[in-house]
Amino acid sequence: MTAKPRQLHLNLFGVGTGRHEASWRHPDTNPFDAFGIQALQRNAQLAERGKFDAVFYADSPWIGPMSPHGVRASLDPVVTLSAVAAVTTRIGLIATLSTTYGAPFTVARALASLDQVSGGRTGWNVVTTSEAAVAANFGDEPFPGHDERYARAEEFVDVVLALWDSWEHGALLADKANGIHADLDKIHAIDFVGKYFNVRGPLNVPRSPQERPLIVQAGSSPVGRAFGGKYADAIFTAQPLLAGAQQAYADVKGHAVAAGRHPDAVKVLPGLCPVIGDTEQAARDLLAELNELVIPSFGISSLHNITGIDLTGLPLDDPLPDRLGDDDSFQGLTSRLQVVRSLAQGEDLTVRQLLHTFAAGFGHKMVVGTPEQVADEMQFLFENQAADGFNIMPPLVPRSLQDFVDQVVPLLQSRGIFRHDYEGPTLRSHYDAELA
């Protein structure tokens, strides 16, 4: 039998006006789209027309640093994706839900419900909340350290998986003639007792149409990669440089093997920010337009919050200091700190240039050029052990998303590395992640 050709996996990073920090200020966007369900539905329909695997909806249970120049508000991901499910038929719906704050039963039920509503198109982006300020929204307990958050996450995911499996195949009989609604021998309590959770079960939602929702994960630290290698069907990562992307790719695959899995069982999907123009200069002009709208003080605050790098008070056009950030005191996105540090050192940037680079990509890979140049870079990374696909982060939405769907996707299809149509109805079928 001939092996199935390897093909790209594409998710849309579901932001309302675009991934660029200043996209909401650009004349081509509507600042209220981030909270307008019609715009989010439109974006998902565009991605579905482009045969994307899924819409990925990021979230945090925190509003972020309060600034008049930017407030990081967001809608509840499960509620939002339920509305998206109503106007799409094939594209997957990946919701971000934290294991640091929340209860396993609540998460298992919400995602199982979305999976029923969507006909088996749900995924869970498992995150360990990295912002210490979130703790104040959930009582007086101190914010747990990095390794403690992952220890809790492992137990949390084990409980959720057990709850999803608490209904066997054929448990729901609906035998009208004999009045037998369900086979109770196929619905089980899980009686989970652990360090962090005690959960009896069973879940009160029937088994998933796709066996269980897809598990994805967005951690890139060593502990995060080991966690992803054990549990995830896909890992989202920020890798702007080729060497780092290849190293991360090999590391994730190695962790999958160490967990007794096939390396292809975990898809590695770096973020990709495509800035597209009819010519390379047109694409550069668009990026320059967006960068002109960046407010430096907000960029400095955003960079500090996400990476721990503090550029306060430094002249914008001076070279960056030799050392950026403090590994010992920072408990947030440590992997993003390392990525930004490598990018800054490799490109020899000024303070302003780093702020512009971070505003455009947040540490993710950025490609600026024609549709052919974007497709070339994606193919190169795909064929050189750096990616199994990408989280597509258009800088302006809907403009950049439409350009990608109409101009880049056909090129990928013509090169035989991306689907012409969906082959199955579920998110697992898109990812070739069917369970035995």
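From a predicted model like this one, the values you see are computed outputs, not experimental measurements. (Residues numbered from 1 in each chain as written. Predicted model: local features only at pLDDT ≥ 70, side-chain atom pairs only at ≥ 80, totals over all residues. Heavy atoms only, no water.)

The next point concerns the nonpolar core. Among the nonpolar cores identified, the biggest contains 65 residues, and Phe52, Trp124, Trp164, Met378 and Phe404 are the most heavily contacted of them. Per-element tally for this core: the top contributor is helix 4 (residues 146-164), with nine residues. Sequence-distant contacts of Trp164, defined by excluding residues within four places in its chain, comprise Ala108, Leu111, Ala112, Trp124, Leu203, Arg207, Arg212, Pro213 and Ile215. (Core = buried A, V, L, I, M, F, W, Y, C linked by side-chain atoms within 4.5 Å. Buried < 20%, exposed > 50% of the residue type's maximum accessible area, 1.4 Å probe, protein only. Helix = DSSP H or I, 4+ residues; strand = E, 2+ residues; numbered from the N terminus. Contact = heavy atoms within 4.5 Å.)

Our focus in this paragraph is the environment of Pro68. With respect to the helices and strands, the residue Pro68 is situated in the loop between strand 2 (54-57) and helix 2 (77-85). Judged by its relative accessible area of 79%, Pro68 falls in the exposed class. Between the alpha carbons of Pro68 and Phe298 there is a distance of 8.8 Å; along the sequence they are 230 residues apart.

All told, the structure shown has five cavities of 30 Å³ or more when counted by the stated rule. Considering only enclosed or pocket space, the largest cavity measures out at about 70 Å³ in volume. Taken together, Leu12, Gly14, Leu40, Asn43, Ala44, Val55, Tyr57, Thr80, Leu81 and Val84 make up the full set of residues lining the largest cavity. Put simply, the parts of the chain that give the lining of the largest cavity at least two residues each are helix 1 (37-49), strand 2 and helix 2. Split into classes, the residues belonging to the lining of the largest cavity amount to seven nonpolar, three polar and no charged. (1 Å grid on protein atoms, 1.4 Å probe; cavity = no way out; pocket = protein on both sides within 12 Å on 5 of 7 lines; lining within 4 Å. Points joined across faces, edges and corners; volume = space filled by probe spheres on them. Nonpolar A, V, L, I, M, F, W, Y, C, P; charged D, E, K, R; others polar.)

Tallied over the entire structure, the rule returns 11 aromatic pairs. Note on Trp124 and Phe156: the rings are 6.0 Å apart at their centroids and 50 degrees apart in plane angle, and the pair reads as tilted. Of this pair, Trp124 sits in strand 4 (residues 122-127) while Phe156 is found in helix 4, placing the two residues 32 residues apart along the sequence. Comparing Trp124 with Phe156, the two get one shared label, buried. Each ring, one from Tyr150 and one from Phe227, has its centre 5.7 Å from the other, and the planes form 65 degrees; the classification is edge-to-face. Of this pair, Tyr150 sits in helix 4 while Phe227 sits in helix 5 (residues 222-231), and the two are 77 residues apart along the sequence. Taking the relative accessible area as the measure of exposure, Tyr150 reaches 9% and is therefore buried. Aromatic rings pair up to connect Trp124, Phe156, Trp164, Tyr196 and Phe197 into one cluster. Looking at Arg6, its charged tip hangs above the ring of Phe382, at a distance of 3.9 Å from the centre. (Phe/Tyr/Trp six-rings, centres within 6.5 Å; stacked < 30°, edge-to-face > 60°. Lys NZ or Arg CZ within 6 Å of the ring centre and 35° of its normal.)

One water molecule sets the probe size; rolling that probe over the atoms shows where empty space is left. Approximately 410 Å³ is the volume found for the second largest pocket. Forming the boundary of the second largest pocket are 17 residues, of which Pro5, Arg6, Gln7, His9 and Asp432 lie nearest the centre.

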